[in-house]
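# A structural walkthrough
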Amino acid sequence: MIVAITGANGFIGYHLCERFAASGATVRAIVRRDLDGSSIQEMLAGADVVVHAAGATRAPTRALLRASNVTLTQRIVDLARRANVSRFVFVSSQAAAGPASFFDAPVTEDMSPAPIEAYGRSKLDAEDVVRAAEGMSWVIVRPAAVYGPRDRDFLSMFRLARLGIAIHPANRRQWISIAHVRDVADGIVRAASAAPAEGGTFFLANDAPVQWANLFQSAARVARRSLFVDAEIPEWLIGLGAAAGDVLARVGGTAGLLTSEKIALTKPQFWICSNERAKRELGFVPRIGLEEGLRETYDWYRTQGWL
């Protein structure tokens, strides 16, 4: 089987290349320079599966975010259709569905999506592009919060926890679904070949959600530290910082983690989703426990000199 993977040099994309190669597939790793040039057509030619993992989680403007997530998806879908690929797997996000209303009612694939910020809306619009593709077998996966070696979004948490500090941007009690990147990669490999997956949308997440307060405590334990500072920044102060982050994004052309769009994600209390459909129809099994995964991630950060 020949698998073409966009975003192959990204966090999830890197692990996808490793996992597909380990399964015996021939992997064609597609990176940004390929997407911007004409070589992309040659790289998709003859591919059995295309996994579209390229995209942006943040950008200085909504227009640029849509260009990275919606316009690019349309282009890759069109090229994949011309190449007559057997299956197109789109890596979306839990953000496309939006948060849950209650702890005991996690979001499922049957619920109407209700994204609350620009990134989630752009991923949902990209999903619609995939669903509208005629004459092509497709699958959409929505990973929850993904962590693991090579990830940068959780790095700041580890840096603080290593110092015995937990700082919560008004989200200490927020519950999130989470998944180790290798479990996510395994779920995507299954989505690429499982017959029941065709035309389906699947959340990929651990069985149990976790609160940010407990997540920091777990990170401190793997770093062999005790938290002596566990503070929550007031929402009004976070709002001021986000406004400043918005200005810096527009001026500097690069968006950081502290912007109004990103802070919007901290407000809902329940960012939790159900993995039941993925378990039932894909045979998805989250095998890596949270503490085990955090320990592996922490050790990798140290080995690479990130900590």
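Described in the following lines is the structure provided in the data block.

Cut-offs and rules
- Residues numbered from 1 in each chain as written.
- Predicted model: local features only at pLDDT ≥ 70, side-chain atom pairs only at ≥ 80, totals over all residues.
- Heavy atoms only, no water.
- Helix = DSSP H or I, 4+ residues; strand = E, 2+ residues; numbered from the N terminus.
- Polar contact = N/O pair within 3.5 Å; in protein donor to acceptor, adjacent residues only side chain to side chain.
- Contact = heavy atoms within 4.5 Å.
- Phe/Tyr/Trp six-rings, centres within 6.5 Å; stacked < 30°, edge-to-face > 60°.
- Buried < 20%, exposed > 50% of the residue type's maximum accessible area, 1.4 Å probe, protein only.
- Lys NZ or Arg CZ within 6 Å of the ring centre and 35° of its normal.
- Salt bridge = Lys/Arg side-chain N within 4 Å of Asp/Glu carboxyl O.
- Patch = residues over 30% accessible without salt bridge, like charges linked within 9 Å, V, L, I, M, F, W, Y side chains within 5 Å.
- Areas by Shrake-Rupley, 256 points an atom, 1.4 Å probe, with all protein chains shown as cover.
- Lys, Arg positive; Asp, Glu negative; His and termini not counted.
- Charge placed at Lys NZ, Arg CZ, Asp CG, Glu CD.
- Pairing = 2+ DSSP bridges.

### Focus: the side chain of N275
Looking at where N275 falls in the secondary structure, it is placed in the loop between β13 (270-271) and α11 (276-282). Looking at N275, its side chain comes within polar contact range of the side chain of D207, at 2.9 Å. If near-sequence neighbours (up to four positions away) are discounted, N275 is found in contact with F203, A205, N206, D207, F284 and P286.

### Considering the packing of aromatic side chains
Applying the stated criterion across every chain yields a total of nine aromatic pairs. Centroid distance F154 to W212: 5.8 Å. Interplanar angle 20 degrees. Geometry classified as stacked. Pair noted here: F154 is in the loop between β6 (145-147) and α6 (155-162) and W212 is in helix α8 (residues 212-222), with a separation of 58 residues, a long-range link. Assessed through its relative accessible area of 17%, W212 is described here as buried. Through pairs of rings, three or more aromatic residues link up here, namely F158, Y298, W300, Y301 and W306. The lysine or arginine in question, R150, covers the ring of Y14, its NZ or CZ lying 3.7 Å from the ring centre.

### Some thoughts on the environment of P196
Tracing the chain through its elements places P196 in the loop between α7 (181-193) and β10 (201-204). Distance from P196 to R280, taken between C-alpha atoms, is 9.6 Å for residues 84 residues apart in sequence. Contact partners of P196, with chain neighbours within four places excluded, come to F202 and E281.

### Describing the pattern of salt bridges
Throughout the structure, instances matching the rule amount to 14 salt bridges. For R19, the salt bridge goes to D186, with nearest N and O atoms at 2.9 Å. Of the two residues, R19 sits in helix α1 (residues 11-22) while D186 sits in helix α7, which places them 167 residues apart along the sequence. Taking relative accessible area as the criterion, D186 reaches 10% and is therefore assigned buried. One salt bridge in this structure joins R172 and D230, with 2.8 Å as the shortest N-O distance. One end of the pair, R172, is in the loop between β7 (165-168) and β8 (175-176); the other, D230, is in strand β12 (residues 229-232), with 58 residues separating them in the sequence. Owing to a relative accessible area of 23%, R172 belongs among the partly exposed residues under this scheme. When salt bridges with common partners are traced through the structure, they connect D110, R277, R280 and E281 into a single cluster.

### Focus: a positive patch on the surface
Residues R224, R225, R295 and R302 make up a contiguous surface patch of positive charge. Within the secondary structure, R295 is located in helix α12 (residues 290-303).

### Description of unusual backbone geometry
Backbone geometry places N84, a non-glycine residue, at a positive phi of 55 degrees. A positive phi angle, close to 90 degrees, is found at R150, a residue other than glycine. With respect to the helices and strands, R150 occurs in the loop between β6 and α6.

### Considerations on the sheet that holds strand β11 (residues 210-211)
The mixed open sheet is built from three strands, whose spatial order is β11-β8-β13. Bordering the open sheet on either side are β11 and β13, each of which pairs with just one other strand. Examined bridge by bridge, β8 and β11 share two bridges and lie antiparallel to one another. Within β11, the residue paired with I176 across the bridge is V210.

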